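Read off the chains here:
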Amino acid sequence: MAVDRRVVPWQNGQGTTQVVASTGQWRVSIAEEPLESRFSVIEGFDRLITPLGSVSLELTGPPFVDLPGSADAVTVVRHVVEPLHTLAFPGEWAPASRASSRTRALNVMGRRGEVDMSVDIGSAEIPDPGSVRICLDLVTEAALIVPPGEPMPSVSQGRCAIISISPSEAQ
């Protein structure tokens, strides 16, 4: 149940997050997003962020990928992450974040090279049974955690975010 979740401060102290589920390899949480903040640096992890509700997040900072012709340090990239859309980025990227009003965001973090992660909004498709699957109700934020090998119950299309975490194929 959402009210029973452990609330932890961000590494940089600028906000808090409710831990939905975690292991040493990955964490799924829901962050309280202030109007303005900066993401924490989380080395060696990859991240997925999905704004919940109806407010976009604007993330700005230096490029987080090596793009031809954009190697100078003054280049700034801007990503507007619309509600219920997901942006993937490395944990070493610590962008500034702005929102028009306080909101919440689903955060999925996994140790790079050890886990593969995905967030699927609005699908009723059943993810790989070899992965941990978490169905996050987008209205109540209640979560159903389905271990690998266990059958996934049917979900209402459009009502859940399905988070899937599996061992990396690169291992």
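Residues numbered from 1 in each chain as written. Predicted model: local features only at pLDDT ≥ 70, side-chain atom pairs only at ≥ 80, totals over all residues. Heavy atoms only, no water.

### Some points on the nonpolar core
One broad rule of soluble globular proteins: the nonpolar side chains tend to lie buried together.
So, step 1. Core analysis: the biggest nonpolar cluster contains 18 residues, and Trp-26, Val-28, Leu-106, Val-108, Ile-134 and Ile-163 have the highest contact counts within it.
So, step 2. At the level of elements, strand S2 (16-22), strand S3 (26-33), strand S5 (45-52), strand S10 (103-111), strand S11 (115-121), strand S12 (132-137) and strand S14 (160-167) are the ones that each hand at least two residues to this core.
So, step 3. Those residues in contact with Val-28, other than ones at most four positions away along the chain, are Gln-18, Val-19, Val-20, Ala-21, Leu-106, Asn-107, Val-108, Ile-134, Ile-163 and Ile-165. (Core = buried A, V, L, I, M, F, W, Y, C linked by side-chain atoms within 4.5 Å. Buried < 20%, exposed > 50% of the residue type's maximum accessible area, 1.4 Å probe, protein only. Helix = DSSP H or I, 4+ residues; strand = E, 2+ residues; numbered from the N terminus. Contact = heavy atoms within 4.5 Å.)

### Thoughts on the pattern of salt bridges
So, step 1. Inspection of the entire model under this criterion finds six salt bridges.
So, step 2. Put simply, Glu-92 and Arg-112 hold a salt bridge, and the shortest N to O gap is 2.7 Å. Placement of Glu-92 in the loop between strand S8 (87-90) and strand S9 (96-98) and of Arg-112 in the loop between S10 and S11 is noted, with a sequence separation of 20 residues between them.
So, step 3. Of the charged contacts in the structure, one is a salt bridge between Arg-159 and Asp-137, with a shortest N-O distance of 2.6 Å. You can see Arg-159 sitting in the loop between strand S13 (143-146) and S14 and its partner Asp-137 sitting in strand S12, a full 22 residues away along the chain.
So, step 4. Through salt bridges with shared partners, a single ionic network connects Glu-32, Arg-104 and Glu-141. (Salt bridge = Lys/Arg side-chain N within 4 Å of Asp/Glu carboxyl O.)

### Notes on the environment of Ala-105
So, step 1. Within the secondary structure, Ala-105 is located in strand S10.
So, step 2. Judged by its relative accessible area of 0%, Ala-105 falls in the buried class.
So, step 3. Remark: the alpha-carbon pair of Ala-105 and Leu-52, spanning 53 residues in sequence, is separated by 5.1 Å.
So, step 4. Ala-105 has contacts with Ser-29, Ile-30, Ala-31, Glu-33, Ile-49, Thr-50, Pro-51, Leu-52 and Leu-57, leaving out every residue within four places of it along the chain.

Taken by themselves, the reported measurements are silent on function.
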